[in-house]
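# Summary of structural features
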Amino acid sequence: MLEIIRIHNELLGTYGDNGNAEVLKFRAGLREIKARVIDVSYLDPLPRGGDIYLLGGAEDAAQLLSLTALRKGSILARAANKGAVVLAVCAGFQIVGTTYRTRDQEFEGLGLLDVTTAPGDGRLVGDIAIKSPFFAEPMTGFENHSSVTTLGEGVPPFGTVIAGNGNGVAGLDGAMSNNVFGTYLHGPVLARNPEFADLMLERALGEAISSVDDELADQYAKWRRAVIK
Ligand code: GLN
């Protein structure tokens, strides 16, 4: 049974990233792999044995509340060190970095990715397309953030930006380290790019999974990509 931990959806659910958990469960089910989604409130401790941990985007105040709760016990960092898969989107990506700065304060992040986030010049809102080294086709999403993220030396981005902003620095989006993935793509990203959901399932299971016929999802991803200039 794959355990998909949806972290603090009441705080990190503003941008619809909660759908990533549903997509993972659905696509696991297509292969007859049993999976369940476990919702964890910021008032409760994070389960230790999850296979996949998901963090979504949030407004600034909710983001800080979530970060404060996640610092207790360093459970996410320990799980990631043991190989658990982590997908962190936008505010979630900023939370798992080393530091996160607002206009008047700096906060220590969870340190899963060596990236730092600081306020940018304006809000970065709109459609985004990136090319990730994992996939032959570009990925698409939607971004809505005001902070920009700088990668530590040698940290690989999740992708390079084709259209939109991503990290807002150096034409890059996201970052990754082992099974930890950070990105600015909302959508939800796994609904718009089902191949990424399959990659996460493979990483969680530690083995290749069969390809499946999910015609509507494939068609939808194709339509999205067709409009990339
Ligand atoms: N509050 C953060 C920012 O504006 C994250 C926003 C988001 O998660 N969409 O940079």
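Residues numbered from 1 in each chain as written. Predicted model: local features only at pLDDT ≥ 70, side-chain atom pairs only at ≥ 80, totals over all residues. Heavy atoms only, no water.

## Some details on the site of the ligand
- Looking at the ligand, there are 14 residues lining it, with D60, C90, N144, S146 and S147 nearest.
- Contact distances for the ligand include 3.0 Å between an oxygen atom and a side-chain N or O atom of Q94.
- Interatomic distance of 3.3 Å between a side-chain N/O atom of H186 and a nitrogen atom of the ligand.
- In isolation the ligand has 300 Å² of accessible area, and contact with the protein removes 99% of it.
- Only α3 (60-71), α5 (91-95) and β8 (139-151) provide two or more residues apiece to the shell around the ligand.
- With four residues, β8 is the single largest residue contributor to the shell around the ligand.
- The residue makeup of the shell around the ligand, split by class, is four nonpolar, eight polar and two charged. (Near = heavy atom within 4 Å. Polar contact = N/O pair within 3.5 Å; in protein donor to acceptor, adjacent residues only side chain to side chain. Areas by Shrake-Rupley, 256 points an atom, 1.4 Å probe, with all protein chains shown as cover. Helix = DSSP H or I, 4+ residues; strand = E, 2+ residues; numbered from the N terminus. Nonpolar A, V, L, I, M, F, W, Y, C, P; charged D, E, K, R; others polar.)

## Concerning the pairing of strand β1 (residues 2-7)
- Counting buried positions along β1 gives six out of six residues, so the element sits mostly inside the fold.
- Here β1 shows two buried faces, one formed by L2, I4 and R6 and the other by E3, I5 and I7.
- Relative to strand β2 (residues 35-40), β1 runs parallel, the two sharing six bridges. Residue pairing across strands places I7 opposite V40, the latter belonging to β2.
- Relative to strand β3 (residues 52-55), β1 is paired through three bridges, and the arrangement is parallel. When the sheet's bridge partners are listed, I5 is paired in β3 with Y53. (Buried < 20%, exposed > 50% of the residue type's maximum accessible area, 1.4 Å probe, protein only. Pairing = 2+ DSSP bridges.)

## What to know about the environment of M139
- Note that M139 resides in strand β8.
- Once residues lying within four places of it in the same chain are set aside, the contact partners of M139 are I128, A129, I130, S132, F158, L185, V189, N193, E195 and F196. (Contact = heavy atoms within 4.5 Å.)

## Focus on empty space enclosed by the protein
- Following the criterion strictly, the structure yields one cavity of 30 Å³ or more and no others.
- As a volume, the largest cavity reaches approximately 60 Å³.
- For the lining of the largest cavity, the secondary-structure elements that each account for two or more residues are β1, α1 (9-12) and β3.
- A class-by-class count of the residues in the lining of the largest cavity yields four nonpolar, four polar and two charged. (1 Å grid on protein atoms, 1.4 Å probe; cavity = no way out; pocket = protein on both sides within 12 Å on 5 of 7 lines; lining within 4 Å. Points joined across faces, edges and corners; volume = space filled by probe spheres on them.)

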